[in-house]
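A closer look at the structure
Next come the chains, spelled out residue by residue.
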Amino acid sequence: MTTADDELTVDDEIVARARIHTRDVLDGCDLEIDRDALEWTVTTRPRRRAGACRWDADREVATIVLTRQAYERYEWEAFAGVVRHELVHVWEFQRFGESSHGPRFREQATRLEAPRHCETFAEPRYVLRCLAADCDWEAHRHRASKPVKAPGTYRCGTCGNTYEVEHVDSGRTWTTASGFGGAKAALGDRW
């Protein structure tokens with residue numbers, strides 16, 4: 001994508017740097033990837049995922065999807081790690097028709113110094129905290145998942161006690177499904 005003035009956009013920069021990094025990585029290792037069957041795109045939707053690899057089995061084409069907010073938040077080395085991580089998925093898809101984070105993936109990721117997980121680049125929308133005085137369990141969520149909407153039916157991931165959910169922007173907390181509904185209604189547009 002270019003503007004009317006033919007200036008590069010941030011998305012163009014992301015893809016260009018990722019392609020250059022890919023060339024350098026592939027030139028320096030024996031990971032065989034068909035670059036003609038590799039496409040790139042940039043998204044702004046994800047809140048946790050810095051990158052993804054989509055496989056179109058009919059076309060036998062892999063698409064690496066990179067998240068603009070992660071690119072803007074991370075230092076280049078960290079973002080380059082995301083690119084290497086996704087390249088391992090491309091390799092698996094092209095070679096085996098499937099990909100996971102299993103032993104085969106981990107072996108190649110280690111060789112490429114690709115992280116298995118990336119650090120978060122967005123603040124969570126919700127924080128789940130154990131209510132037991134001697135437990136410091138905490139979990140972050142970006143979406144209103146079932147444990148966020150109905151915390152009374154779930155338990156702390158460490159000690160099994162009950163937990164509360166906090167809506168980070170407002171500071172409102174709840175421990176039940178009705179509490180979730182009440183908080184959402186009370187916040188209205190601020191939700």
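To start, this report covers the structure provided alongside it. (Residues numbered from 1 in each chain as written. Predicted model: local features only at pLDDT ≥ 70, side-chain atom pairs only at ≥ 80, totals over all residues. Heavy atoms only, no water.)

**A look at the pairing of strand β6 (residues 163-167)**
With respect to burial, β6 is a largely interior element, four of its five residues being buried. The sheet contact formed by strand β4 (residues 126-130) and β6 spans five bridges and is antiparallel. Counterpart to Arg-129 in the pairing with β6 is Glu-164. Judged from the two bridges that link them, β6 and strand β7 (residues 173-174) form a sheet pairing that is antiparallel. Looking across to β7, one finds that Glu-166 is bridged to Thr-173. Where β6 hands over to β7, the hairpin turn is made up of five residues, of which Gly-171 adopts a positive phi near 85°. (Buried < 20%, exposed > 50% of the residue type's maximum accessible area, 1.4 Å probe, protein only. Helix = DSSP H or I, 4+ residues; strand = E, 2+ residues; numbered from the N terminus. Pairing = 2+ DSSP bridges.)

**Some words on the packing of aromatic side chains**
Given two aromatic rings, one states the distance between the centres and the angle between the planes to describe the pair. All told, the structure shown has eleven aromatic pairs when counted by the stated rule. Ring geometry for Trp-76 versus Phe-79: centroids 6.1 Å apart, planes at 40°, classification tilted. With a gap of three residues between them, Trp-76 and Phe-79 both fall in helix α3 (residues 76-96), about one helical turn apart. In textbook terms, an aromatic cluster arises when at least three aromatic residues are bridged by ring pairs, as seen for Tyr-126, Trp-174, Phe-180 and Trp-191. When the ring centre of Trp-76 is taken as origin, the NZ or CZ atom of Arg-17, which lies over that ring, is 4.1 Å away. The lysine or arginine in question, Arg-104, covers the ring of Phe-96, its NZ or CZ lying 3.9 Å from the ring centre. (Phe/Tyr/Trp six-rings, centres within 6.5 Å; stacked < 30°, edge-to-face > 60°. Lys NZ or Arg CZ within 6 Å of the ring centre and 35° of its normal.)

**Examining the sheet that holds β4**
Pairing is antiparallel in the open sheet, where four strands are placed in the order β5-β4-β6-β7. Where the open sheet ends on each side, the last strands, each with one partner, are β5 (138-141) and β7.

**Re the nonpolar core**
Ranked by size, the top nonpolar core spans 33 residues in total, and within it Trp-40, Leu-66 and Phe-79 carry the most contacts. A total of eight residues in this core trace back to one element, the largest contributor, which is α3. The contacts of Leu-66, once residues within four sequence positions are left out, are Ile-14, Ala-18, Trp-40, Thr-41, Val-42, Thr-43, Ala-50, Gly-51, Phe-79, Val-82 and Val-83. In terms of nonpolar packing, the next biggest core, distinct from the first, is built from 16 residues, Leu-128, Trp-137, Val-148 and Val-165 among them. (Core = buried A, V, L, I, M, F, W, Y, C linked by side-chain atoms within 4.5 Å. Contact = heavy atoms within 4.5 Å.)

**Observations regarding the sheet that holds strand β3 (residues 61-67)**
To summarise the sheet geometry, strands pair through backbone hydrogen bonds and adopt either a parallel or an antiparallel arrangement. Here we have three strands laid out as an open sheet, ordered β1-β3-β2, and mixed in their pairing. With one partner strand each, in any of the chains shown, β1 (38-43) and β2 (51-56) form the two edges of the open sheet. If you compare each strand with its neighbour and ignore which way they point, the axes differ by 25° on average. One ladder, built from six bridges, connects β2 with β3; its direction is antiparallel. Bridging across to β3, Ala-52 finds its partner in Val-65. (Axes fitted to C-alpha atoms, helices over the stretch in contact; angles between N-to-C directions.)

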